[in-house]
Amino acid sequence: MAKLNENYEAMIVFSLKQGEEQVKSLVEKFKTLIEANGTLDNVDDWGKRKLAYDINYESEGYYVIYTFNCKPDFPAELDRVLKITDGVMRSMITVTVK
């Protein structure tokens with residue numbers, strides 16, 4: 001029996017080195033990727049925030065939280081794409097319970 005869709009939350013911290021236009025295009029890129037592979041429930045744009053510690057000599061990052069529903073195999077692919085995308089400083093994908 002195939003596993004049903006699950007609810008996920010992805011928190012992504014984008015680098016501000018390339019400017020806010022680059023950040024906006026990355027936010028839209030991941031929104032489109034999630035919509036193509038599942039159902040996007042919400043995009044919570046936290047904006048620019050100070051980091052707890054410097055990452056790659058940057059003290060600020062742009063935070064976005066995506067809440068979505070998809071099949072269990074997609075988060076691994078999303079994580080792979082996040083890791084190879086320039087401009088993504090940190091990311092975390094978790095299963096949420098509704």
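Scroll up for the structure.
Within any chain, residue numbers begin from 1 and follow the written order of that chain's sequence. Per-residue local features are limited, in this predicted model, to residues with pLDDT of at least 70; the limit for side-chain atom pairs, both in listing and counting, is 80 or more; totals at the level of whole chains, interfaces and linings are taken over all residues. Side-chain numbers here rest on the full set of heavy atoms in the structure, without hydrogens or water.

Novice: I would appreciate a short explanation of the sheet that holds strand β3 (residues 58-70) in the present structure.
Specialist: Two orientations exist for strands paired in a sheet by backbone hydrogen bonds: parallel and antiparallel. A pair of strands counts as paired when DSSP detects no fewer than two bridges linking them. Only runs of H or I of at least four residues qualify as helices and only runs of E of at least two qualify as strands under DSSP, and these elements are numbered from the N terminus. With antiparallel pairing, the four strands of this open sheet are ordered in space as β2-β3-β1-β4. This sheet does not close on itself; its edge strands, each paired only once, are β2 (38-55) and β4 (88-96). Here the average twist between neighbouring strands, direction ignored, is 15 degrees. Pairing geometry for β2 and β3, over 12 bridges, is antiparallel. Bridge pairing in β3 links Gly38 to Cys70. Axis lines are fitted through C-alpha atoms, for helices just across the contact stretch, and the angle between N-to-C directions can take any value from 0 to 180 degrees.

Novice: Explain the environment of Met92 here, please?
Specialist: Mapped onto the fold, Met92 is located in strand β4. Linking Met92 and Asp79, residues 13 residues apart in sequence, is a C-alpha distance of 8.0 Å. We call two residues contacting when some pair of their heavy atoms lies within 4.5 Å. Ignoring anything within four residues of it in the chain, the contact list for Met92 reads Glu9, Ala10 and Met11.

Novice: What am I meant to see in the packing of helix α1 (residues 20-37) against helix α2 (residues 74-84) here?
Specialist: Think of two packed helices as two axes; the pair is described by the angle between the axes and how far apart they sit. The interhelical angle for the contact between α1 and α2, taken along N-to-C directions, is 160 degrees, at an axis separation of 11 Å. Taken together, the axes of α1 and α2 are roughly antiparallel relative to one another. The crossing of α1 and α2 is right-handed. For the pair α1 and α2, the contacting residues are Phe30, Leu33, Ile34 and Asn37 in the first and Phe74, Leu78, Val81 and Leu82 in the second. Counted by class, the contact of α1 with α2 contains seven nonpolar, one polar and no charged residues. In what follows, roughly perpendicular refers to angles from 65 to 115 degrees, roughly parallel to angles under 35, roughly antiparallel to angles over 145, and oblique to any angle outside these ranges. If you view the pair so one helix is near and one far, a crossing is left-handed when the near helix is turned anticlockwise from the far one by less than a right angle, and right-handed when it is turned clockwise. All amino acids are sorted into three groups, where Ala, Val, Leu, Ile, Met, Phe, Trp, Tyr, Cys and Pro are nonpolar, Asp, Glu, Lys and Arg are charged, and the leftover types, Gly among them, are polar.

Novice: Teacher, can you tell me more about the packing of aromatic side chains here?
Specialist: To describe a pair of aromatic rings, one takes the distance between the centres and the angle between the planes. Between the rings of Phe, Tyr and Trp (Trp by its six-membered ring), a pair exists once the centres lie within 6.5 Å; its type follows the angle of the planes, with under 30 degrees stacked, over 60 edge-to-face, and the other angles tilted. Counting across every chain of the model gives four aromatic pairs. Each ring, one from Tyr8 and one from Phe68, has its centre 5.8 Å from the other, and the planes form 25 degrees; the classification is stacked. Separated by 60 residues along the polypeptide, Tyr8 in strand β1 (residues 6-15) and Phe68 in strand β3 bring together distant segments of the chain. Assigned by exposure class, Tyr8 and Phe68 land together as buried. Seen in terms of ring centroids, Phe68 and Phe74 are 6.2 Å apart; in terms of plane orientation they differ by 75 degrees. Their pairing is edge-to-face. Under the relative-accessibility criterion, Phe68 is labelled buried at 0%. Connected via pairs of aromatic rings, a cluster forms that spans Tyr8, Phe68 and Phe74. Exposed residues in this analysis have more than 50% of their type's maximum accessible area, buried residues have under 20%, and partly exposed residues fall in between, with area computed by a 1.4 Å probe over protein chains only.

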